[in-house]
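Notes for the structure review
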Amino acid sequence: MADTLNDQPDWIYLLREFKDLYRGNAGGSTKIRAHQRAVREAINRVMGANPAIEWQTPEDKPVTVHLKRALDNGRRETTESVCRAVESVLPHLSWLYGYEKVPRGLSKKYAYAEIAGPNGPVIAEGVILGLVLFAPKCTYPAHSHDGLTESYYTLSGVVSENDDGVWAPGSLIFNPPGRMHRITVSDREPALLAYAWHGPKDKLADQKMTFSRARG
């Protein structure tokens, strides 16, 4: 008999931590507040459905040598409880690239792991939740997401998006559908971010991840 979410309390706790992240202050933005509410409601639906767990083959990438440091740093922040919940499921995470062609140098400085979505591990149709890990000095090239609203919560480290500001642990980065965005990471420490994608089921199930071409 297949495992379901209710059989795996560590995954339930992690989903609760994601939901609590999305109770954070929206800074007066109605669009961000609506997105936070949509993500919370999607997580509630997932948890209420008791979906199957599709176990992934655990996989590391070169950047995961920075994961312990990132989690250690997160224990000193307001995101401590999220980082501890992530640690509980680490043996089951599959760290991936998500791109057919990874730019030179990025393969050692970036990877992501999904928590919930159409491909699992927690099967979900209305939302994709995951983690993204960046090495120090990483530049994550400009890209966008067709039809999906995306947000990141910084769990540890410090990042900037489009050189528009600096996001420390506990802060949210919001990207409406189609917005081109580029992420840079501080020089000395890795960064671990939680992310959520929300949008139509067909877009979530068939999202093509591509980088924009560098301008000459």
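From a predicted model like this one, the values you see are computed outputs, not experimental measurements.

Calculation notes
- Residues numbered from 1 in each chain as written.
- Predicted model: local features only at pLDDT ≥ 70, side-chain atom pairs only at ≥ 80, totals over all residues.
- Heavy atoms only, no water.
- Core = buried A, V, L, I, M, F, W, Y, C linked by side-chain atoms within 4.5 Å.
- Buried < 20%, exposed > 50% of the residue type's maximum accessible area, 1.4 Å probe, protein only.
- Contact = heavy atoms within 4.5 Å.
- Helix = DSSP H or I, 4+ residues; strand = E, 2+ residues; numbered from the N terminus.
- Pairing = 2+ DSSP bridges.
- Phe/Tyr/Trp six-rings, centres within 6.5 Å; stacked < 30°, edge-to-face > 60°.
- Axes fitted to C-alpha atoms, helices over the stretch in contact; angles between N-to-C directions.
- Disulfide = S-S within 2.5 Å.

We now examine the nonpolar core. Within the largest apolar cluster, 45 residues are counted, with the highest numbers of intra-cluster contacts made by Leu15, Trp95, Ile115, Leu129, Leu131 and Leu192. Leave out the neighbours within four places in its chain, and Ile115 touches Trp11, Leu14, Leu15, Phe18, Leu93, Gly120, Pro121, Val122, Leu129, Gly130 and Leu131. Counting 22 residues, the second-largest nonpolar core is a separate cluster that includes Val132, Phe134, Val185 and Ala191.

This part covers unusual backbone geometry. Both trends apply: most residues other than glycine have a negative phi, and most peptide bonds are in trans. For the bond running from Gly120 to Pro121, omega is -5 degrees, close enough to zero to count as cis. Within the secondary structure layout, Pro121 lies in the loop between strand 1 (110-117) and strand 2 (122-123). We note that Asn162 has phi near 55 degrees; this positive angle belongs to a residue other than glycine.

Of all eight residues in strand 9 (residues 191-198), seven are buried; the element is thus mostly enclosed. As defined by bridge partners, strand 3 (residues 127-134) adjoins strand 9 across eight bridges and the pair is classed as antiparallel. Among the inter-strand pairings, Val127 is bridged to a residue of strand 9, identified as His198. Relative to strand 9, strand 5 (residues 149-156) is paired through seven bridges, and the arrangement is antiparallel. The residue of strand 9 that forms the bridge with Thr149 is His198.

With that settled, consider the packing of aromatic side chains. Throughout the structure, instances matching the rule amount to seven aromatic pairs. Ring centres of Trp11 and Trp55 lie 6.2 Å apart, and the angle between their planes is 65 degrees; this geometry places the pair in the edge-to-face category. With Trp11 in helix 1 (residues 9-21) and Trp55 in the loop between helix 2 (30-49) and helix 3 (67-74), the pair connects residues that are 44 residues apart, well separated along the chain. With a centroid separation of 6.5 Å and 25 degrees between ring planes, the pair formed by Tyr97 and Tyr110 is classed as stacked. With Tyr97 in the loop between helix 4 (80-89) and strand 1 and Tyr110 in strand 1, this pair connects stretches of sequence that are 13 residues apart. With respect to class, Tyr97 is no different from Tyr110; both count as buried.

Here we come to the sheet that holds strand 6 (residues 159-161). Note: strands within a sheet are paired through backbone hydrogen bonds, in either parallel or antiparallel orientation. Across the sheet, which stays open at both edges, the three strands sit in the order 4-8-6 with antiparallel pairing between neighbours. Two strands lie at the open edges of the sheet, namely strand 4 (139-143) and strand 6, each paired on one side alone. In this sheet, neighbouring strand axes are inclined to one another by 15 degrees on average, regardless of whether the strands run parallel or antiparallel. With three bridges connecting them, strand 4 and strand 8 (residues 181-185) associate as antiparallel partners. Paired with Tyr140 across the strands is Ile183, a residue of strand 8.

The alternating pattern of strand 7 (residues 172-175) places Leu172 and Phe174 and Ile173 and Asn175 on opposite faces, both of which are buried. Pairing geometry for strand 5 and strand 7, over four bridges, is antiparallel. Bridge assignment links Tyr152 to a residue of strand 7, and that residue is Ile173.

Here we take up the state of the cysteines. Tallying each qualifying case throughout the model produces zero disulfides. Left unpaired, Cys83 is separated from the closest cysteine sulfur, that of Cys138, by 18 Å. For Cys83, a relative accessible area of 0% gives the class buried.

By themselves, these observations are geometric and do not establish any function.
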